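Listed below, chain by chain, are the residues.
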Amino acid sequence: MQKLIINGGKRLCGEIRVQGAKNSALPLLAGCLLTDGRTVLKRCPELTDVFAACRILNELGCKCSFRQGTATTDADSAAGFRITEELMREMRSSIVFLGAVLGRHGRCELSYPGGCELGPRPIDMHLSALRQLGVKIHEEHGRISCTCPRGLKGASISLPFPSVGATENIMLAAVCADGDTVIHNAAREPEITDLANFLVRCGADIKGAGCSTVRISGVKKLRGCEYDVMPDRIAAATYMAAAASTGGELGLTDISCDDLQAVTSVFEEMGAAVYSAGSRIFISCKAPLKAVRIIRTMPYPGFPTDAQAVVMAALTTARGSSMMVENIFESRFRHVDELVRMGADIKVSDRTAVIQGVKKLCGANVRAHDLRGGAALTIAALGAEGTSSVGCVGYIDRGYELIENVLSSVGADIRREF
Ligand code: UD1
């Protein structure tokens, strides 16, 4: 089992070029299946989840190669419509291949997706929306078989919750459907806008992405293109939390400041100085930080659930008492017990965590239970006194490109032990 060994207490200082967004690269890779000819995705982060998406494309017969941050696909020979259970289990985002495979072949067979254990992660909204587009669904022994006897037909779909994954699946299925599709109560996350921008560059007709109502007029074909994956707002939030936890100063480049507003306002409330302009952010944190009254995770533009754990890690040593309410997932506090091992004072009741700031954390042996929780333990260890080991790094590698190299480039004492 690989571990990160971290000697804490080093103030981080310097500049980080933030990676491309995992949560955008995965649906974009699924979208490549719909295009004729070659598609080149630049700034594609080198992550285990991205490699899993490439393996799914290969399994479907789509050529996919990955070199130095660029994924190149050629879907001309992608005749497959089945995804094995083994590949489906590798990550939650494997489910967005459903909309793309249906869009291409009008049929698809796959299993329930895997991914980090954050409580129940149903796909009922995805399936119900696809039914409205004319898909017949048959479930047996954990396999889901989908066919479209009369082809995919545009429809007006109202989502009961602005689900990111369901919005992506509808967009991917609807871009080449017959007629118009309207998604009401669509997710407004920047990753939805990025998927729409990519599909439009391939020839799709999509209006309103980033708003609650998205309109898609089906087109006959999509063609390959070159596209840059958007910056990873959660990686940016994680490095801001690293600056906060170590009383450091970091410049983050190649990001989109607008996408980070809910997060930057929390760091400002903690007493950090944050300057942002266009694609750069500078954060300067002089310890001790201040507690924040309450943070509620919400769909975009609210505070992102993916940033909850890393911000909590920074709050463990803030002066006063902070409260975090997790509204998106039922079981997203698995990092709390590990933070407590490092000396944090956190009490969880149902979906609420109360963090009473302590003077300092102490290095300890801890273990990641999920991607963002693992990043949170790394942040806590950077600010702690003494040495920590963070086990199960595999979770962290799903979402962060060589996190130990990035952090040591700005002064952290961190190495990977194999
Ligand atoms: C969610 C996050 C996304 C984040 C990703 C990875 C939100 C709104 N979504 O996306 O920002 O990047 O996790 O951590 O913050 N649900 C259903 N039925 C469905 C689909 C979803 O009940 O068919 C429920 C989920 O159980 C959950 C909520 O809706 O409570 C979040 O859903 P959704 O946005 O679909 O999750 P992801 O696409 O995984």
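See the structure shown above.
Notes on the structure follow. (Residues numbered from 1 in each chain as written. Predicted model: local features only at pLDDT ≥ 70, side-chain atom pairs only at ≥ 80, totals over all residues. Heavy atoms only, no water.)

Observations regarding the overall build of the protein
- Within the protein one finds 14 helices and 25 strands.
- Since a compact globule built from 418 residues should have a radius of gyration of about 22 Å, the 21 Å found for the protein is in line with a globular shape.
- A burial count over the protein gives 57% of its 418 residues as buried.
- Taken together, the 48 basic and 45 acidic charged side chains of the protein have centroids lying 1 Å from each other. (Helix = DSSP H or I, 4+ residues; strand = E, 2+ residues; numbered from the N terminus. Rg over C-alpha atoms; globule rule 2.2 N^0.38 Å. Buried < 20%, exposed > 50% of the residue type's maximum accessible area, 1.4 Å probe, protein only. Lys, Arg positive; Asp, Glu negative; His and termini not counted. Charge placed at Lys NZ, Arg CZ, Asp CG, Glu CD.)

What about the sheet that holds strand β4 (residues 38-42)?
- Ordered by their spatial adjacency, 4 strands build an open sheet running β5-β6-β4-β15, and the pairing between neighbours is mixed. Strand pairing shows two members of the sheet lacking a second neighbour, β5 (63-67) and β15 (226-228), which therefore form its edges. Taken over all neighbouring pairs, the strand axes of this sheet differ in orientation by 15 degrees on average, direction set aside.
- Sheet topology note: the β5/strand β6 (residues 70-74) ladder contains 5 bridges and is antiparallel. By the bridge assignment for β6, phenylalanine 66 is matched with alanine 71.
- Against the sheet, helix α1 (residues 22-32) contacts β4, β6 and β15, and its axis sits at roughly 170 degrees relative to β4.
- Across the sheet, helix α2 (residues 48-59) lies against β5 and β6, angled at about 155 degrees from β5, the strand it touches most. (Pairing = 2+ DSSP bridges. Axes fitted to C-alpha atoms, helices over the stretch in contact; angles between N-to-C directions. Contact = heavy atoms within 4.5 Å.)

So, the layout of surface pockets
- There is about 1000 Å³ of room inside the largest pocket.
- In terms of lining residues, the largest pocket is bounded by 45 residues, among which Arg121, Val164, Gly165, Ile328 and Phe329 are the most central.
- Looking at the lining of the largest pocket, the elements that each hand over two or more residues are α1, α5 (124-132), α6 (164-174), α8 (233-246) and α12 (371-383).
- Its residues assigned to classes, the lining of the largest pocket comprises 21 nonpolar, 9 polar and 15 charged.
- Here the second largest pocket is characterised by a volume of approximately 380 Å³.
- In this structure, the second largest pocket is lined by 20 residues; those nearest its centre are Ala287, Pro288, Thr317, Lys359 and Lys360.
- Here the lining of the second largest pocket gets 3 residues from one element, more than from any other, and that element is α8.
- In the lining of the second largest pocket, the residues fall into 7 nonpolar, 7 polar and 6 charged. (1 Å grid on protein atoms, 1.4 Å probe; cavity = no way out; pocket = protein on both sides within 12 Å on 5 of 7 lines; lining within 4 Å. Points joined across faces, edges and corners; volume = space filled by probe spheres on them. Nonpolar A, V, L, I, M, F, W, Y, C, P; charged D, E, K, R; others polar.)

Focus on α6
- Taken across its 11 residues, α6 has 10 buried, putting it largely inside the fold.
- Along α6, the positions that sit buried rather than exposed are Gly165, Ala166, Thr167, Glu168, Asn169, Ile170, Met171, Leu172, Ala173 and Ala174.
- A distance of 3.0 Å separates the backbone nitrogen of alanine 166 from a side-chain oxygen at the start of α6, and that oxygen is part of serine 163. (Polar contact = N/O pair within 3.5 Å; in protein donor to acceptor, adjacent residues only side chain to side chain.)

Overview of the site of the ligand
- Every one of the 19 residues lining the ligand counts as a neighbour, but Asp124, Met125, Ser163, Asp306 and Ile328 are closest to it.
- The contact in question runs from an oxygen atom of the ligand to an N or O atom on the side chain of serine 163, over 2.5 Å.
- Within the contact set of the ligand, an oxygen atom lies 2.5 Å away from a backbone nitrogen or oxygen of isoleucine 328.
- The pocket occupied by the ligand, as judged from atoms lying within 2 Å of grid points, is the largest pocket.
- Of all the elements in the fold, those that place two or more residues in the shell around the ligand are α5 and α6. (Near = heavy atom within 4 Å. Sits in = over half its atoms within 2 Å of the grid points.)

Quick look at the pairing of strand β13 (residues 214-217)
- Only one face of β13 is buried, namely the one carrying Val214 and Ile216, since none of Arg215 and Ser217 on the opposite face is buried.
- Where strand β11 (residues 180-184) and β13 come together, 4 bridges link them in antiparallel fashion. Paired with isoleucine 183 across the two strands is valine 214, which belongs to β13.
- Between strand β12 (residues 205-207) and β13, which pair antiparallel in sequence order, lie 6 residues; one of them, glycine 208, sits at a positive phi of approximately 95 degrees.

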